[in-house]
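The residues making up each chain are set out below.
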Amino acid sequence: MEKYSGFGLARHALKHHEHWQRVWRNPTPKKKYDVIIIGGGGHGLATAYYLAKEHGICNVAVLEKGYLGGGNTARNTTIIRSNYLWDESAKLYEHSMKLWEGLSQELNYNVMFSQRGVLNLGHTLQCMRDIKRRVSANRLNGIDGEVLDAQQVKEIVPMIDISANRRYPIIGASWQPRAGVARHDAVAWGYARAADALGVDIIQQTEVTDILYENGVAFGVNTKQHGVISSDKIGCVVAGNSGVLAKMAGFKLPIESHPLQALVSEPIKPILDTVVMSNHVHGYISQSDKGDLVIGAGIDSYNGYGQRGSYQSIEHTVQAILELFPTFSRIRMNRQWGGIVDTTPDACPIISTTPLKNLFFNCGWGTGGFKATPASGHIFASTLANNEIHDIAKPFSLSRFYDGSLIDEHGAAGVAH
Ligand code: FAD
Ligand code: PYC
């Protein structure tokens, strides 16, 4: 108990204070940087970290209008998997999975990545055909996956109801054992601390209000709190606000912003040690290390920038979960919240040059970008450093919306939005 008494407690508190002072020091911005990253979510912070670590570019500012990871990064249900259907996505998300597997060691920060496996349930013959097709495609891409029948699902999740008289009986599932969850805010903090240690300026409470350009070349940003900050390169990584930032730069993105919400139950004893998702009834659930059931479902169908959702969607979400786990009906909801997700027509991200030279966008991750955080940062940093789109990112450029080479992951990737 030494830790909780007298000097022990004081030492403990001081260590934490010093630690957070270092991560959260808010440097006054310089007048000019080599690279400005707009957005201090996981993707922006990861980009800054890899710029410094892998490319030696440390004169970097991350400008965040609120606090680190206060956007979707700390609002999501943290499902991490790489079981996407199409080769382009499989490469991207498997690159991420591999980075997740070493991330706590890389950052020397416990991001609590827990490879507890993800089940994507099938409730109809057609669901099972889609599952078989996706698992086969995954295995051809070197991604782990199995097709399970209902009894095998029950062996992994004893609480689930596989009886044939359910409205949507469970016929089977895909199972990715290497998939799992992580602690979302730790991911932002881990990248922030590591980037900060390499000399990156992480500047919170700094809202970009304008992107400055002349003759088609971007050269800086205007901010509400610190005025103009110049840079040779600007990477915009603002998720649901991407359309707003694109407007500042004088172009439009094929993106819609929608609320996506989630909820947690009161904490209960360990009852669920894997992640369960169902496209068909449309809900997903896992249990956090604190004991809360972490639950989510579909986007709210209207457009919006509010970080909250409608009551109607909560009702649908809970209905979906109770279809799978009727015994959870007496558990109470503890908290509910929402984020703003940026959806594209093919449910795939945009990692791209833009109509302005020196301005790059990384966005459109929609409902599925948490799992991509390490890869997104890694390939976006390479793109910014080398002035050339990273090979994995090439299929995700804006040009696909002009030449038609879309990668349609709608509903194919085990989540129906
Ligand atoms: P964010 O974390 O949103 O960061 C963008 C930052 O930009 C914000 O902090 C914002 O304040 C800042 N910003 C915006 N405008 C400006 C400006 N003008 N100036 C300065 N800063 C600005 N993905 C999964 O893989 N698995 C899941 O289980 C999952 N579940 C989800 C559940 C919910 C409820 C939600 C909302 C999302 C979910 N996602 C999931 C999606 C995932 O959260 C996002 O795709 C991902 O976190 C996006 O990260 P980001 O760093 O790009 O965005
Ligand atoms: O992409 O796996 C996912 C996901 C789960 C919940 C929201 N997105």
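In this text the structure is predicted, and so the values were computed from the model without any measurement. (Residues numbered from 1 in each chain as written. Chains lettered and ligands numbered in written order. Predicted model: local features only at pLDDT ≥ 70, side-chain atom pairs only at ≥ 80, totals over all residues. Heavy atoms only, no water.)

Caption draft 1: Quick look at the packing of helix H2 (residues 42-55) against helix H7 (residues 184-197). Interaxial distance between H2 and H7 falls to 8 Å at its minimum, and their mutual angle equals 30°. In terms of orientation, H2 lies roughly parallel with respect to H7. The crossing of H2 and H7 is left-handed. Note on element contacts: H7 touches H2 through Ala 188, Tyr 191, Ala 192, Ala 194 and Ala 195, opposite Gly 42, Leu 45, Ala 46, Ala 48, Tyr 49 and Tyr 50. Looking at the contact of H2 with H7 residue by residue, the classes come out as 10 nonpolar, one polar and no charged. (Axes fitted to C-alpha atoms, helices over the stretch in contact; angles between N-to-C directions. Helix = DSSP H or I, 4+ residues; strand = E, 2+ residues; numbered from the N terminus. Parallel < 35°, antiparallel > 145°, perpendicular 65-115°, else oblique. Left-handed = near helix turned anticlockwise from the far one by under 90°. Contact = heavy atoms within 4.5 Å. Nonpolar A, V, L, I, M, F, W, Y, C, P; charged D, E, K, R; others polar.)

Caption draft 2: Seen up close, the site of ligand 2. The environment of ligand 2 is made up of 11 residues, and the closest members are Thr 77, Arg 81, Tyr 284, Thr 367 and Lys 371. Within the side chain of Lys 371, one N or O atom sits 2.5 Å away from an oxygen atom of ligand 2. With the chains in place, 96% of the 240 Å² that ligand 2 exposes on its own is no longer accessible. Of the residues in the shell around ligand 2, the class split is five nonpolar, four polar and two charged. (Near = heavy atom within 4 Å. Polar contact = N/O pair within 3.5 Å; in protein donor to acceptor, adjacent residues only side chain to side chain. Areas by Shrake-Rupley, 256 points an atom, 1.4 Å probe, with all protein chains shown as cover.)

Caption draft 3: Main features of the pairing of strand S7 (residues 208-214). Inspection of the sheet shows S7 paired to strand S8 (residues 217-223) by six bridges, in the antiparallel sense. Bridging from a neighbouring strand, Val 208 pairs with Thr 223 of S8. Adjacent in sequence and paired antiparallel, S7 and S8 are bridged by two residues, among which Asn 215 carries a positive phi angle near 50°. (Pairing = 2+ DSSP bridges.)

Caption draft 4: Broad picture of the packing of aromatic side chains. Enumeration according to the criterion identifies nine aromatic pairs in this entry. Arranged with centres 5.7 Å apart and planes meeting at 55°, the rings of Tyr 49 and Tyr 191 form a pair that is tilted. Here Tyr 191 lies in helix H7 and Tyr 49 lies in helix H2, a separation of 142 residues in the sequence. Across this residue pair, the class does not change: Tyr 49 and Tyr 191 are buried. (Phe/Tyr/Trp six-rings, centres within 6.5 Å; stacked < 30°, edge-to-face > 60°. Buried < 20%, exposed > 50% of the residue type's maximum accessible area, 1.4 Å probe, protein only.)

Caption draft 5: Seen up close, the environment of Ile 321. With respect to the secondary-structure elements, Ile 321 resides in helix H9 (residues 311-324). Accessibility expressed as a relative area gives 3% for Ile 321, which makes it buried.

Caption draft 6: Fine view of the nonpolar core. Within the largest apolar cluster, 61 residues are counted, with the highest numbers of intra-cluster contacts made by Trp 100 and Tyr 191. Breaking this core down by element, the ones donating at least two residues are strand S1 (32-38), H2, strand S2 (60-63), helix H3 (87-101), helix H4 (103-107), H7, strand S11 (275-278) and helix H10 (373-386). Residue contributions to this core peak at eight residues, all from H7. Not counting chain neighbours up to four residues away, the residues in contact with Trp 100 comprise Ile 80, Val 111, Phe 113, Ala 182, Val 187, Phe 370, Lys 371 and Pro 374. Of all hydrophobic cores here, the second largest spans 27 residues; its members include Ala 61, Ala 246, Met 248 and Phe 361. (Core = buried A, V, L, I, M, F, W, Y, C linked by side-chain atoms within 4.5 Å.)

Caption draft 7: Structural detail: the pairing of strand S3 (residues 118-122). For S3, the buried fraction is high: five of the five residues fall into the buried class. Burial along S3 is two-sided: the residues Val 118, Asn 120 and Gly 122 and Leu 119 and Leu 121 are all buried. In this sheet, strand S5 (residues 172-176) lies alongside S3 in antiparallel orientation, the contact comprising five bridges. In the sheet register, Gly 122 faces S5, and the bridge partner there is Gly 172. Here S3 pairs with S11 via four bridges, running parallel.

Caption draft 8: Representation of the packing of H3 against H10. Viewed as axis vectors pointing N to C, H3 and H10 meet at an angle of 105°, and their least axial separation amounts to 7 Å. Comparing the axis directions of H3 and H10 gives the class roughly perpendicular. Where H3 approaches H10, its residues Leu 92, His 95, Ser 96, Leu 99 and Trp 100 are matched on the opposing element by Thr 373, Pro 374, Ala 375, His 378 and Ile 379.

Caption draft 9: Looking closely at the pattern of salt bridges. Applying the stated criterion across every chain, the model contains 14 salt bridges. Among the charged side chains, a network of salt bridges with common partners joins Glu 94, Lys 98, Glu 101, Asp 144 and Arg 178. (Salt bridge = Lys/Arg side-chain N within 4 Å of Asp/Glu carboxyl O.)

Caption draft 10: Region of interest: the side chain of Asp 161. Mapped onto the secondary structure, Asp 161 falls in the loop between helix H6 (150-156) and S5. A polar side-chain atom of Asp 161 sits 2.5 Å from a polar atom in the side chain of Ser 163. Discounting residues that sit within four places of it in the chain, Asp 161 has contacts with Arg 166, Ile 170, Leu 324 and Pro 326.

Caption draft 11: Focus on the site of ligand 1. If you check the shell around ligand 1, you find 37 residues, and the closest are Glu 64, Asn 72, Thr 73, Thr 77 and Lys 371. At 2.7 Å, a side-chain N or O of Glu 64 approaches an oxygen atom of ligand 1. Protein chains shield 96% of the accessible area of ligand 1, which is 1000 Å² for the free molecule. Among the elements of the structure, H2, strand S10 (256-265) and strand S14 (333-343) are those that each provide at least two residues to the shell around ligand 1. At three residues, S10 tops the list of elements feeding residues into the shell around ligand 1. Taken together, the residues of the shell around ligand 1 break down into 13 nonpolar, 19 polar and five charged.

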